Amino acid sequence: MPQTPDNSETTTSPVLNHDLGQGRGVWISTYGCQMNVNDTERMYSLLEMQNFVPVDEPEKADLIIINSCSVREKAVHKTMSEVGTFRKLKDKNPELRIGVGGCVGQQEKENLIKSQPMIDFVFGTDQIDNLPSLVAQTYEKRGKHVSAKFEHRAPYHIETMVRNPGVSTFVNITKGCDNFCTFCVVPYTRGREKSRPVQHIITDIRHLVKRGVKEVTLVGQNVNSYADENVDFSDLMAKVAKETDIERIRFTTSHPKDFDQKLADTIAQHSDKIMEYIHLPFQSGNTRILDRMNRIYTREEYFAKIEMLKKTIPNVVFSTDIIVGFPGETEEEFLDTVSMVEQVRFENIFAFVYSPRPFTKAAKYEDQVPEEIKSERLNRLFDIHEKMAFEIVKRYEGQTLKVLVEHADREQGKAKGRSTANKLVHFLGSEDLVGKTVDVRITKAFPSALRGELVQ
Ligand code: SF4
């Protein structure tokens with residue numbers, strides 16, 4: 001019989017002894033977006049402070065955590081089936097504890113434990129900093145534990161915790177979202193939007209620079225609605241550019257409605273540091289569908305933003321997110337999406353078929369598009385973009401690009417890094433180049449990566 005959680009929604013912590021882990025192994029399985037990848041780093045860091053030791057496979061772990069994602073379909077099913085694969089480990093090691101965090105944890109709470117009693121604890125997206133106490137409870141008091149309360153009133157104060165930041169890393173600046181696009185589960189799984197204080201972000205980036213980081217990507221569900229008292233996202237970007245020694249600044253994800261001339265001007269004014277690559281999701285190229293999605297812009301307004309950005313930022317490069325087969329989408333409306341891709345000439349597209357998500361308004365729309373039509377449209381869109389993409393990247397051939405070197409393979413003598421426009425560039429180079437920005441002349445361009453040679 002499944003045990004009932006004995007302290008649902010608790011956030012009270014037992015006093016931690018800092019040797020809670022006693023050298024026990026911890027393994028975290030991560031799904032989904034960059035926010036989840038960052039959250040996993042945070043979980044590892046917090047648990048390492050309690051003397052848990054990260055291990056490279058679940059078989060070596062005494063604590064397994066699934067950091068789940070519910071943006072795509074069958075998320076609960078995927079989480080459950082992963083938990084099921086640990087049955088043998090749990091049989092062999094009764095001390096093994098299994099926890100589920102992330103968006104599925106937030107969404108399903110105690111339902112997860114009711115349907116899968118192997119799970120010892122569940123925690124929500126606002127409860128990561130309480131993870132050590134929750135783990136302590138599972139070791140000290142047997143039973144099941146759930147902690148999934150949203151801390152709506154608490155300020156968003158988290159310092160960046162990354163164990164090995166490398167050359168390029170991510171810094172959270174906002175969490176949650178207030179936009180309620182009708183297809184999206186994020187407002188329900190990440191809560192209301194909150195921004196970190198600007199001074200905390202600056203301090204974080206200064207520390208990362210001291211640890212050798214050359215590039216930061218500012219992340220949040222909707223970064224350009226960042227607001228800390230009278231500092232908006234453009235002000236924040238300008239401050240990071242002026243007040244830290246970081247060499248490169250990127251950001252993701254932006255909402256078209258919040259992308260204004262002031263932000264474009266800031267990017268142009270600090271083009272030595274703020275990279276000219278913009279990920280600007282349009283989701284659908286048809287105004288009626290955009291309205292049903294609650295995106296708060298029309299097709300024409302999206303185009304106008306693109307034109308404004310092209311005029312203001314020399315060499316700007318775009319990528320986007322697209323949903324195909326949103327409820328009620330007709331063939332003509334889908335063709336508006338195709339024409340948007342063709343006219344803007346995005347270098348990268350991230351396209352998905354629509355899938356109903358729990359709690360969302362669009363899941364209740366009655367005119368759902370049949371699966372086979374959605375898949376056919378998606379494949380058609382990818383085919384069209386793929387043909388264009390070869391043509392679009394051809395222009396890089398013969399150009400010399402500034403590449404920040406992120407990795408080198410000593411044995412093979414090969415190096416790779418990213419151009420200012422976020423293209424992956426491969427070339428022959430040595431390990432001592434890692435962390436440096438070098439000139440690379442492009443000899444061959446593919447949509448996914450460029451090949452070139454170092455300019456001495
Ligand atoms: S802006 Fe829309 S799609 Fe993006 S996180 Fe918010 S609700 Fe989801």
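Just so it is clear, the model here is predicted, and its values are computed rather than measured.

Draft legend 1. The overall build of the protein, seen in detail. Within the protein, the secondary structure is distributed over 14 helices and 21 strands. In terms of C-alpha radius of gyration, the protein reaches 23 Å, essentially the compact-globule figure of 23 Å for 456 residues. Projected onto its principal axes, the C-alpha coordinates of the protein cover approximately 65 × 60 × 45 Å. Looking at the protein as a whole, 56% of its 456 residues qualify as buried. Pairs at least 24 apart in sequence give 75% of the contacts found in the protein among residues at least 6 apart. For the protein, the accessible surface area stands at approximately 20,000 Å², while carbon and sulfur atoms represent 51% of it. With 62 positive and 66 negative side-chain charges, the protein shows a separation of 1 Å between the mean positions of the two kinds.

Draft legend 2. Here's a closer look at the UniProt feature "domain: Radical SAM core" (unreviewed entry) in the protein. Within this structure's numbering, the places UniProt gives as "domain: Radical SAM core" (unreviewed entry) are residues 163-391. End C-alpha atoms of residues 163-391 are separated by 40 Å, and the span's content is 41% helix alongside 17% strand.

Draft legend 3. Fine view of the packing of aromatic side chains. For the structure shown, the criterion picks out 13 aromatic pairs. Measuring from centroid to centroid gives 5.5 Å for Phe282 and Phe346, while their planes differ by 20°, and the two rings are stacked. Residue Phe282 is located in the loop between strand E14 (277-279) and helix H11 (287-293), and its partner Phe346 is located in the loop between helix H13 (331-344) and strand E16 (348-353); the two are separated by 64 residues in the primary sequence. Note on accessibility: Phe282 and Phe346 belong to one class, buried.

Draft legend 4. Representation of the layout of surface pockets. Of the voids in this model, the second largest pocket is the one considered here, and its volume is about 430 Å³. What lines the second largest pocket is a set of 27 residues, among which Arg42, Asp129, Tyr156, Ile158 and Lys175 lie closest to the centre. The set of elements that each furnish at least two residues to the lining of the second largest pocket consists of helix H1 (34-49) and strand E7 (168-172). When residues of the lining of the second largest pocket are assigned to their parent elements, the largest contribution, 5 residues, is made by H1. Considered class by class, the residues forming the lining of the second largest pocket number 9 nonpolar, 7 polar and 11 charged. When residues of the lining of the second largest pocket are sorted by domain, at least three fall in each of domain 1 (25-147) and domain 2 (168-394).

Draft legend 5. The pairing of strand E3 (residues 63-68), seen in detail. For E3, a buried count of 6 out of 6 residues is recorded, marking the element as mostly surrounded by other parts of the structure. Pairing between E3 and strand E4 (residues 97-101): 5 bridges, direction parallel. Across the sheet, residue Leu63 finds its bridge partner in E4, namely Arg97.

Draft legend 6. Structural context of the nonpolar core. In terms of nonpolar packing, the biggest core is built from 63 residues, with Leu218, Phe233, Leu236, Phe251 and Ile278 touching the most fellow members. Look past the residues within four positions of Ile278 in its chain and what remains in contact with it is Phe251, Phe259, Ile267, Leu309, Ile313, Val316, Val317, Phe318 and Ser319. With 21 residues, the next largest nonpolar core counts Trp27, Val55, Leu96 and Ile119 among its residues.

Draft legend 7. Structural view of the site of the ligand. With respect to spatial proximity, the complete set of residues near the ligand consists of Cys177, Asn179, Phe180, Cys181, Phe183, Cys184, Val186, Pro187, Gln221, His255 and Arg295. The class makeup of the residues in the shell around the ligand is 7 nonpolar, 3 polar and 1 charged.

Draft legend 8. Looking closely at the sheet that holds strand E18 (residues 414-419). One closed barrel holds the 5 strands; their spatial order is E17-E18-E19-E21-E20, and the pairing between them is mixed. Taken pair by pair, the neighbouring strands of this sheet meet at an average axis angle of 50°, ignoring direction. Relative to strand E21 (residues 450-454), strand E19 (residues 424-428) runs parallel, the two sharing 2 bridges. Looking at the pairing, Val425 lines up with Leu450 of E21.

Draft legend 9. Quick peek at the pattern of salt bridges. In this structure the tally under the stated criterion is 31 salt bridges. The salt bridge partner of Asp129 is Arg42, with a shortest N-O separation of 2.9 Å. Residue Asp129 is found in the loop between strand E5 (121-123) and helix H6 (131-140), and its partner Arg42 is found in helix H1; the two are separated by 87 residues along the sequence. Judged by relative accessible area, Arg42 falls into the buried class, the value being 6%. Note that Arg380 and Glu331 form a salt bridge whose closest N and O atoms lie 2.9 Å from each other. A residue pair is termed long-range when its members are at least 10 positions apart, and Arg380 in helix H14 (residues 371-394) and Glu331 in helix H13 qualify at 49 residues. The network of salt bridges with shared partners includes Glu329, Glu331, Glu376, Arg377 and Arg380.

Draft legend 10. Representation of the sheet that holds E7. The strand order across the open sheet built from 3 strands is E7-E10-E13, with neighbouring strands paired in parallel fashion. Looking at strand neighbours, the two that pair on one side only are E7 and strand E13 (248-252), the edges of this open sheet. In this sheet, adjacent strand axes meet at a mean angle of 25° when their direction is disregarded. As paired strands, E7 and strand E10 (residues 215-219) are joined by 5 bridges and run parallel to one another. Bridging across to E10, Asn172 finds its partner in Val219. In the packing of helix H8 (residues 198-210) onto the sheet, contacts are made with E7 and E10, and the angle to E7 comes to roughly 160°.

Draft legend 11. Just the side chain of Arg295, in detail. Mapped onto the elements of the fold, Arg295 is located in the loop between H11 and helix H12 (299-312). The charged side chain of Arg295 is buried without a salt bridge, its nearest counter-charge being Asp321 at 7.2 Å. A distance of 3.4 Å separates a polar atom in the side chain of Arg295 from the backbone oxygen of Pro281. Setting aside chain neighbours within four positions, we find Arg295 in contact with Cys181, Phe183, His255, Pro256, Pro281, Gln283 and Leu290.

The rules we used
Residues numbered from 1 in each chain as written. Predicted model: local features only at pLDDT ≥ 70, side-chain atom pairs only at ≥ 80, totals over all residues. Heavy atoms only, no water. Helix = DSSP H or I, 4+ residues; strand = E, 2+ residues; numbered from the N terminus. Rg over C-alpha atoms; globule rule 2.2 N^0.38 Å. Buried < 20%, exposed > 50% of the residue type's maximum accessible area, 1.4 Å probe, protein only. Contact = heavy atoms within 4.5 Å. Areas by Shrake-Rupley, 256 points an atom, 1.4 Å probe, with all protein chains shown as cover. Lys, Arg positive; Asp, Glu negative; His and termini not counted. Charge placed at Lys NZ, Arg CZ, Asp CG, Glu CD. UniProt positions renumbered as here; feature names shortened; annotations may be inferred. Phe/Tyr/Trp six-rings, centres within 6.5 Å; stacked < 30°, edge-to-face > 60°. 1 Å grid on protein atoms, 1.4 Å probe; cavity = no way out; pocket = protein on both sides within 12 Å on 5 of 7 lines; lining within 4 Å. Points joined across faces, edges and corners; volume = space filled by probe spheres on them. Nonpolar A, V, L, I, M, F, W, Y, C, P; charged D, E, K, R; others polar. Domains from an automatic or database assignment. Pairing = 2+ DSSP bridges. Core = buried A, V, L, I, M, F, W, Y, C linked by side-chain atoms within 4.5 Å. Near = heavy atom within 4 Å. Axes fitted to C-alpha atoms, helices over the stretch in contact; angles between N-to-C directions. Salt bridge = Lys/Arg side-chain N within 4 Å of Asp/Glu carboxyl O. Polar contact = N/O pair within 3.5 Å; in protein donor to acceptor, adjacent residues only side chain to side chain.

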